[in-house]
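# A closer look at the structure
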Amino acid sequence: MSSQGYAIELYFDPSLENQVLKTWNVFARRQISTNLINNESRPHITLFSTSFIDSTKLEPILKSFSSKQEPISLSFSSIGSFSNNNNALFLSPIPSLSLLQLQVQLCEVVKKEGFEIGEEYRVDSWVPFCPVAIDVPKSRISEGFLVLRDLKLPVNGYAMDIGLVEFSPVREVFSFGLGNNFES
């Protein structure tokens, strides 16, 4: 069954995006996990997610919000997993002040528009992460960690764009560059 929902995601510069995609490809080649590639997702950090959003109402808000932000320096320095039902493996960025502030400000803007902020996106509980494998079979988790240990950490780059996606499957509704980076 496909769950329906929306997420506001932070996208990376091309070099960082490629490093994450390489990791996704290793997981796919080893048949540990192909979900992210099959879903046509883009490497990202989820800033906010909800089951329903009026994207036409959100578009001008996100456009204005993005234009006031600067690209954010990211350093993925550790690896981790969530042991909930979707057995995700991820890269964890150092939670810099600029990253945390961006997420808090975004949630404030979204909340002003009447959208409910779920527990996991509240100030004290949000965990920034970039998924590299989801729905990993329990028996392959340790192998997944070995793949991630081969990465030369930290993996550094920049958060360049904010986008809204609909899932699943993943479909980008729109995205905007941070600051004056209007190429998206």
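Here's a quick rundown of the structure. Quick caveat, the model's predicted, so the values are computed rather than measured.

Take unusual backbone geometry next. With the exception of glycine, most residues fall at negative phi, and the peptide bonds are largely trans. Residues Leu153 and Pro154 are joined by a peptide bond in cis, for which omega reads 0 degrees. You can see Pro154 is positioned in the loop between α5 (141-149) and β6 (155-167). Phi at Gln31 is positive, roughly 55 degrees, even though this residue is not glycine. Examined against the element boundaries, Gln31 turns out to sit in the loop between α1 (14-29) and α2 (35-38).

In this section: the pairing of strand β1 (residues 5-12). Of all eight residues in β1, eight are buried; the element is thus mostly enclosed. Residues Gly5, Ala7, Glu9 and Tyr11 point to one face of β1 and Tyr6, Ile8, Leu10 and Phe12 to the other, with burial holding for every one of them. Where β1 and β6 come together, eight bridges link them in antiparallel fashion. When the bridges of β6 are listed, Ala7 appears paired with Val165.

α5 packs onto α1 with a crossing angle of 145 degrees between their chain directions and a minimal axis gap of 11 Å. Along this stretch, α1 crosses α5, giving a crossing that reads as right-handed. On α5, the residues that touch Thr23, Val26 and Phe27 of α1 are Gly144, Val147 and Leu148. Residues of the contact of α1 with α5, tallied by class, amount to four nonpolar, two polar and no charged.

With that settled, the discussion passes to α5. Within α5 the residues assigned to the buried category are Ile141, Gly144, Val147 and Leu148. All buried residues of α5 fall inside an arc of 110 degrees around its axis, so they share one side. Residues of α5 that are exposed and point over 90 degrees away from its buried face: Ser142, Leu146 and Arg149. Elements in contact with the buried residues of α5: α1, β3 (72-82), β4 (88-93) and β5 (130-133).

Here is what the cut-offs are and how they apply
The written sequence of each chain sets the order in which its residues are numbered from 1. Totals for whole chains, interfaces and linings use all residues, but because this is a predicted model, local features are given only for residues with pLDDT of at least 70 and pairs of side-chain atoms are given and counted only at 80 or more. Side-chain figures throughout are based on the complete set of non-hydrogen atoms in the structure, without hydrogens or water. Runs of E in the DSSP output that reach at least two residues are strands. Runs of H or I that reach at least four are helices, and both are numbered from the N terminus. Residue burial is assigned from relative accessible area. The probe radius is 1.4 Å, only protein chains are included, and a residue is buried under 20% of its type maximum, exposed over 50%, and partly exposed in between. Two strands pair under a simple rule: DSSP has to find at least two bridges between them. Working convention: axes come from line fits to C-alpha atoms, limited for helices to the stretch in contact. Angles between N-to-C directions cover 0 to 180 degrees. The hand of a helix crossing depends on one turn: near helix anticlockwise from the far one by less than a right angle means left-handed, and clockwise means right-handed. Throughout, a residue-residue contact means that at least one pair of heavy atoms, one from each residue, lies within 4.5 Å. Side-chain classes are defined by residue name, with Ala, Val, Leu, Ile, Met, Phe, Trp, Tyr, Cys and Pro counting as nonpolar, Asp, Glu, Lys and Arg as charged, and the others, Gly among them, as polar. The reported arc concerns the directions from the helix axis to the C-beta atoms and nothing else.

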